[in-house]
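Geometric and topological summary
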Amino acid sequence: MTDTTTTDLNSIDLNSDLGESYGRWVLGDDAALFGLVSSANIACGFHAGDPSVMQRSIRLALENDVAIGAHPGYADLRGFGRVGLELPAEQLRNDIVYQLGALAGLCRVEGATLRYVKPHGALYNQMNRDEAVARTVVAAVAAFDPALPLLVLAASGAERVVRDYGHPYRREAFIDRGYLPNGQLQPRSEPGSVTTDPVAAADRALRLVQTGEVSATDGTTLQLRPDSLCVHGDTPGARQLVGLVRQRLTDAGVKVRPCWDTPRPGESTP
């Protein structure tokens, strides 16, 4: 997969999936990660999160000047939203709108703004493989707010759908996940699919910013040209990993900042 879209080599957005706790159960090190990333994908209650966790996450985002994104997924607390569900299009649409409305409502009460949407887990992956699912997700977000950008896997089926739809979007690459030669993420069930080595992750992040490239599992070079880099909040050692990534980017003169107010070529400002 190739893409010729240019990337700003002087800046990059750094996002993480956060707020993926429930009740008293706390996953990861959210408080520390909010101080390191520029955008936070906040769980909306279906795969993780609840109203209190969402509120706490919004407040942490405000305290750290971090852009807030909705992270809707399948209604699958037991499987953490990583199990694909076959849902009628109308039900999937309603589930997404419901989750966006929940987070947007809490944002409004806290004086915050919802800036973008990134689907979670199995839903994110199914958007890349199933055009019908991707169209339903894009249509649901557009119906909720036609100016709310979607964060999608760079050079993927989901990107083609959202681009053809004419909805605003940003391209994402992962610094803690393996890539297959076709540009899809390596299944988590396979060895080596998750990168926990901070040095390896930092090397990949810098290469993605400077060249737009990443190596697939077979050595193939993929051209991704991302607007945003992701590390999962539940990746082992995420705090140390993101800390080194940010330090390496800063040392190289790359600014870590949200990408939501910088339109892609041919797109009007959101």
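Heads up: the structure comes first, above all this text.
Just so you know, these numbers come straight off a predicted model, no measurement behind them.

Here's the deal with empty space enclosed by the protein
In the structure shown here, the tally under the stated rule is two cavities of 30 Å³ or more. Considering only enclosed or pocket space, the largest cavity measures out at about 40 Å³ in volume. With four residues, helix H3 (residues 89–110) is the single largest residue contributor to the lining of the largest cavity. Partitioning the lining of the largest cavity into residue classes produces seven nonpolar, two polar and one charged. Its boundaries defined by the atoms lining it, the second largest cavity holds a volume of some 30 Å³. Of all the elements in the fold, those that place two or more residues in the lining of the second largest cavity are helix H4 (121–129) and strand S5 (150–153). Of the residues assigned to the lining of the second largest cavity, the class counts are seven nonpolar, one polar and no charged.

So, the packing of H3 against helix H5 (residues 131–144)
The N-to-C vectors of H3 and H5 enclose an angle of 40 degrees; their axes lie 9 Å apart at closest approach. If you check the angle between H3 and H5, you find them oblique. The handedness of the crossing between H3 and H5 comes out as right-handed. Residues Ala-89, Leu-92, Arg-93, Ile-96, Val-97, Leu-100, Gly-101 and Ala-104 of H3 form the contact with H5, whose own contacting residues are Val-133, Thr-136, Val-137, Ala-140, Val-141, Ala-143 and Phe-144. Of the residues belonging to the contact of H3 with H5, the class tally is twelve nonpolar, two polar and one charged.

The rules behind these values
Residues numbered from 1 in each chain as written. Predicted model: local features only at pLDDT ≥ 70, side-chain atom pairs only at ≥ 80, totals over all residues. Heavy atoms only, no water. 1 Å grid on protein atoms, 1.4 Å probe; cavity = no way out; pocket = protein on both sides within 12 Å on 5 of 7 lines; lining within 4 Å. Points joined across faces, edges and corners; volume = space filled by probe spheres on them. Helix = DSSP H or I, 4+ residues; strand = E, 2+ residues; numbered from the N terminus. Nonpolar A, V, L, I, M, F, W, Y, C, P; charged D, E, K, R; others polar. Axes fitted to C-alpha atoms, helices over the stretch in contact; angles between N-to-C directions. Parallel < 35°, antiparallel > 145°, perpendicular 65-115°, else oblique. Left-handed = near helix turned anticlockwise from the far one by under 90°. Contact = heavy atoms within 4.5 Å.

Everything listed is a geometric property; what it means functionally is a separate question.
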